[in-house]
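An overview of the molecular structure
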Amino acid sequence: MNSKPHSSRSAPQAVAAAPVQPAGRLEWRSLLRWLLEDGLIDEPQVQRTEQRFGAGDSSLHPLVRLGHAGLSRLSNGKSLDVDALTEWLASRAKLPLLRIDPLKVDVGRVADIMSIGYAEAKRCLPVQVGLTEVTIATSEPFDTSWVAQIESHTRKTIKLVVASPIEISRFTTEFFTLARSVRAATKTGEVSQVTSFEQLVELGRSNKQLDANDQGVVQVVDWLWQYAFDQRASDIHLEPRREMGVIRFRIDGVLHTVYQLPPSVMQAMTSRIKLLGRMDVVERRRPLDGRIKTRNPAGDEVEMRLSTLPTAFGEKMVMRIFDPDTTVKDLDQLGFSSHDAERWNKLVTQAHGIILVTGPTGSGKTTTLYSTLKRLATDEVNVCTIEDPIEMIEPAFNQTQVQSALELGFAEGLRALMRQDPDIIMVGEIRDLETAEMAIQAALTGHLVFSTLHTNDAVSAVARLTDLGVPPYLINATVIGVLAQRLVRTLCVHCKAPDPTVTRDSLNEMLKHWRMNGGVKPYKPVGCLECRNTGFRGRAGLYELLSMSEAVKSHLHPRFDNSALRRQAVQDGLRPLRLAGAMKVAEGVTTLEEVLRSTPQWET
């Protein structure tokens, strides 16, 4: 949460400090007078609002009603919407303002404090439950008659904060519905508690399982997906533990714990998801893969790749979420500089050769490849892929899945694709010499081949191919370019602030062999509601492009020197990942710490 809550005992003091504010429920007429008293609006606005509302009342919260009335501040003309009115009310009540972050609310303990009926009646919502105190968000800061009752019920001190009535109403429904679904699923699954791998094997043998179609389980799984889409998660982790199962979301590359569940409920959720993904529900002793297609809250189609793994306390599941929009990004959106974008476009329009994309897992290689292939896949060309697994279904490609059980690996799949009259081929990964030799054969016979490798930088890809057993003369003849990349978190545009500690000299010191030119406008993270107080929102790519020029190729011989190859690549226009990161820092896109964490040191 973004504010330190104050004790509810300060609420009566707040009322006493403003004699014109009566205790009890808010009323829109009183709020109008207070706004007038505080100089936020003028008398004509009050009269227009009173005429518009008339004598009738509404079931809407007064802040919501006034927020839709078109009021504006006298000082600057800015709209007094619900958020602005809530901030003003918190200040008048001398209570902290809270923007509810659902990832920081222990949803399972909310229902232990009060019922949903009580929360709706009092227009409040518990958001933090500690050992001795409970923080409760309210949209009625002067109605504190119920506080003593809750303190007596929980035997904890109540601390009040003010939150938007829209947020309280929304999350009250979501949190209590989820808690009710979990309780229902727990009750259904009380007969089976899977706590060890040995019991898990026995469960598989006996075909004894929880009901994946139980209504409580169905509701929890539906909530999980919608919640993940809403929070911009890229991955969902369901992790069984000894006492409680844990749900975690990966957001902007960082994992966040979202919820804890009884093991029986997590097992039932996993079974439900496997059922929808057409996976073997009974088989829990070996890893399985699957995929599901669903829709996000906006109605857009979203695909998820499923993967399970047996662990000591049950079956772990990871769901990777693929947003269709990420595969059609322009190079500017991916984070390419104009220098590298021009060189990359020139490279991918070659008629034949091998183009490699390198980097660790999660560095955005798939997004770069799909985005590039999507632009190349016109009606005039045949684009074929062999992947393990197929990351995302793309109608413009002819995609084939590796199936080890059928002896269809990358090499076998690539051999079959060669007979399919392809123009462009994408191989998910070059893992062995056989696959590398097939990719080379495809390039030598006039095809453009894309693939990935796991190396720290672009130049190291050459050494990696030689380690696999590819002769330097074949690398020389077929490889036309290598792109290394990383992902760094980008600063939140809503709250980032200038950082005077980062200068051109400090960036040059980090780069050592390089020098920054031009202006430097670094920023630092601050934290706000939009970025969940992390200071970062979204990610951008850093790229290092090695173009295999004739000068570079002259260094490829059986005893080639990696350092000499790097130096030649630089002369031909290669900019290392750390320099690309420093440029992002200078532009105020990310921070120096993010770049140092994500990029390797340049070696010569």
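Residues numbered from 1 in each chain as written. Predicted model: local features only at pLDDT ≥ 70, side-chain atom pairs only at ≥ 80, totals over all residues. Heavy atoms only, no water.

As annotated in an unreviewed UniProt entry, the chain carries the name GspE/PulE family protein and is attributed to Roseateles aquae. A UniProt comment under Sequence similarities (unreviewed entry) is attached to the chain, and it reads "Belongs to the GSP E family." (UniProt positions renumbered as here; feature names shortened; annotations may be inferred.)

**Concerning the overall build of the chain**
A tally of regular secondary structure across the chain gives 24 helices and 19 strands. With respect to the three principal axes, the spread of C-alpha positions in the chain is 90 × 70 × 45 Å. Taken across its 604 residues, the chain has 54% of its residues classed as buried. Sequence separation of at least 24 residues holds for 66% of the intrachain contacts in the chain that already meet a minimum separation of 6. Of the roughly 27300 Å² of accessible surface on the chain, a fraction of 48% belongs to carbon and sulfur atoms. Of the charged side chains in the chain, 72 are positive and 72 negative, and the gap between their average positions amounts to 4 Å. (Helix = DSSP H or I, 4+ residues; strand = E, 2+ residues; numbered from the N terminus. Buried < 20%, exposed > 50% of the residue type's maximum accessible area, 1.4 Å probe, protein only. Contact = heavy atoms within 4.5 Å. Areas by Shrake-Rupley, 256 points an atom, 1.4 Å probe, with all protein chains shown as cover. Lys, Arg positive; Asp, Glu negative; His and termini not counted. Charge placed at Lys NZ, Arg CZ, Asp CG, Glu CD.)

**Some words on the pairing of strand 4 (residues 157-162)**
Burial within strand 4 is extensive, with five of its six residues counted as buried. In this sheet, strand 4 lies alongside strand 3 (residues 133-138) in parallel orientation, the contact comprising six bridges. Bridge pairing in strand 4 links Val 134 to Ile 158. Handedness of the crossover joining strand 3 and strand 4 through helix 8 (residues 147-154): right-handed. (Pairing = 2+ DSSP bridges. Right-handed = clockwise from strand over helix to strand, strands pointing away.)

**A short note on the packing of aromatic side chains**
Taken as a whole and judged by the stated rule, the model has nine aromatic pairs. Its end group placed over the ring of Phe 53, Arg 65 keeps NZ or CZ at 4.2 Å from the ring centre. Above the ring of Phe 536, the side-chain terminus of Arg 489 is found at 4.1 Å from the ring centroid. (Phe/Tyr/Trp six-rings, centres within 6.5 Å; stacked < 30°, edge-to-face > 60°. Lys NZ or Arg CZ within 6 Å of the ring centre and 35° of its normal.)

**Section: the sheet that holds strand 13 (residues 398-401)**
One open sheet accounts for seven strands, arranged 13-12-14-15-11-16-19; its pairing is mixed. Of all the strands in the sheet, the pair left with one neighbour each is strand 13 and strand 19 (536-547). The mean inter-strand angle of the sheet, taken between neighbouring strand axes irrespective of direction, is 20°. As defined by bridge partners, strand 12 (residues 383-387) adjoins strand 13 across four bridges and the pair is classed as parallel. In the strand pairing of strand 13, Ile 386 is matched with Thr 400. In this fold helix 14 (residues 338-348) packs onto strand 11 (353-358), strand 15 (448-453), strand 16 (479-491) and strand 19, with an angle of close to 60° to the strand it touches most, strand 19. Helix-sheet contacts for helix 23 (residues 577-586) involve strand 16 and strand 19, and the interaxial angle to strand 19 is about 140°. (Axes fitted to C-alpha atoms, helices over the stretch in contact; angles between N-to-C directions.)

**A word on the pairing of strand 8 (residues 288-295)**
A one-sided burial pattern is seen for strand 8, the buried positions being Leu 288, Gly 290, Ile 292 and Thr 294 and the unburied ones Asp 289, Arg 291, Lys 293 and Arg 295. The hairpin formed by strand 8 and strand 9 (residues 301-311) contains five residues between the paired strands, and Gly 299 there has a positive phi angle of roughly 90°.

**Notes on the pattern of salt bridges**
Throughout the structure, instances matching the rule amount to 29 salt bridges. One network of salt bridges, with partners in common, ties together Arg 291, Lys 293, Glu 301 and Glu 303. (Salt bridge = Lys/Arg side-chain N within 4 Å of Asp/Glu carboxyl O.)

**Brief notes about the state of the cysteines**
Scanning all chains against the criterion turns up zero disulfides. With no disulfide of its own, Cys 495 has Cys 528 as its nearest cysteine by sulfur position, at a separation of 3.7 Å. (Disulfide = S-S within 2.5 Å.)

**Quick word on the packing of helix 16 (residues 410-417) against helix 17 (residues 433-444)**
The interhelical angle for the contact between helix 16 and helix 17, taken along N-to-C directions, is 20°, at an axis separation of 8 Å. Judged by the angle between their axes, helix 16 and helix 17 are roughly parallel. Between helix 16 and helix 17 lies a crossing whose hand is left-handed. Together, Phe 410, Ala 411, Glu 412, Leu 414 and Arg 415 of helix 16 and Glu 434, Thr 435, Met 438 and Ala 439 of helix 17 make up the contact between the two elements. Here the contact of helix 16 with helix 17 is composed, by residue class, of five nonpolar, one polar and three charged. (Parallel < 35°, antiparallel > 145°, perpendicular 65-115°, else oblique. Left-handed = near helix turned anticlockwise from the far one by under 90°. Nonpolar A, V, L, I, M, F, W, Y, C, P; charged D, E, K, R; others polar.)

**A word on the environment of Arg 183**
You can see Arg 183 is positioned in helix 9 (residues 165-188). Note on Arg 183: relative accessible area 47%, which makes it partly exposed. Distance in space between the C-alpha atoms of Arg 183 and Leu 261 is 9.7 Å, their sequence separation being 78 residues.

**Some details on the sheet that holds strand 8**
If you trace the six strands from one edge of the open sheet to the other, you get 7-6-5-10-9-8, paired in antiparallel fashion. The two strands at the open ends of the sheet, each matched to only one other strand, are strand 7 (254-261) and strand 8. Each strand axis lies, on average, 20° off the axis of its neighbour in the sheet, ignoring direction. Pairing between strand 5 (residues 235-239) and strand 6 (residues 245-251): five bridges, direction antiparallel. Among the inter-strand pairings, Leu 238 is bridged to a residue of strand 6, identified as Ile 247. Together, strand 5, strand 6, strand 7, strand 8, strand 9 and strand 10 (314-322) form the strand contacts of helix 11 (residues 215-230), whose direction differs from that of strand 6 by roughly 25°. Sitting on the sheet, helix 12 (residues 263-276) touches strand 5, strand 6, strand 7, strand 8, strand 9 and strand 10, and the angle it makes with strand 10 is about 50°.

**Considering helix 20 (residues 504-511)**
Those residues of helix 20 lying buried are Leu 507, Asn 508, Met 510 and Leu 511. What you see down the axis of helix 20 is that its buried residues fit within an arc of 155°, all on one side. The exposed set on the far side of helix 20, more than 90 degrees from its buried face, consists of Asp 505 and Glu 509. On its buried face, helix 20 sits against helix 23 and helix 24 (592-598). (Arc of directions from axis to C-beta.)

**Some thoughts on the nonpolar core**
Counting residues in hydrophobic clusters, the biggest one holds 87 residues, and the most contacted among them are Ile 100, Leu 224, Trp 225, Ile 247 and Phe 249. The greatest single-element share of this core, amounting to nine residues, is contributed by helix 11. Ignoring any residue separated from it by four or fewer positions in sequence, one finds Ile 100 in contact with Val 105, Leu 125, Val 127, Ala 137, Ala 163, Glu 167, Ile 168, Phe 171 and Leu 529. (Core = buried A, V, L, I, M, F, W, Y, C linked by side-chain atoms within 4.5 Å.)

**Brief notes about the UniProt feature "domain: Bacterial type II secretion system protein E" (unreviewed entry) in the chain**
Look at the UniProt record and you will see "domain: Bacterial type II secretion system protein E" (unreviewed entry) annotated at residues 418-432. Within the segment residues 418-432, helix and strand shares are 0% and 27% respectively, and the terminal C-alpha atoms sit 18 Å apart.

**Notes on the packing of helix 2 (residues 28-37) against helix 3 (residues 43-53)**
Orientation of helix 2 relative to helix 3, taken along the N-to-C sense of each, is 170°, at an axis distance of 10 Å. In terms of orientation, helix 2 lies roughly antiparallel with respect to helix 3. Contact residues: Trp 28, Leu 32 and Leu 36 in helix 2; Glu 43, Val 46, Thr 49, Glu 50 and Phe 53 in helix 3. Its residues placed into classes, the contact of helix 2 with helix 3 shows five nonpolar, one polar and two charged.

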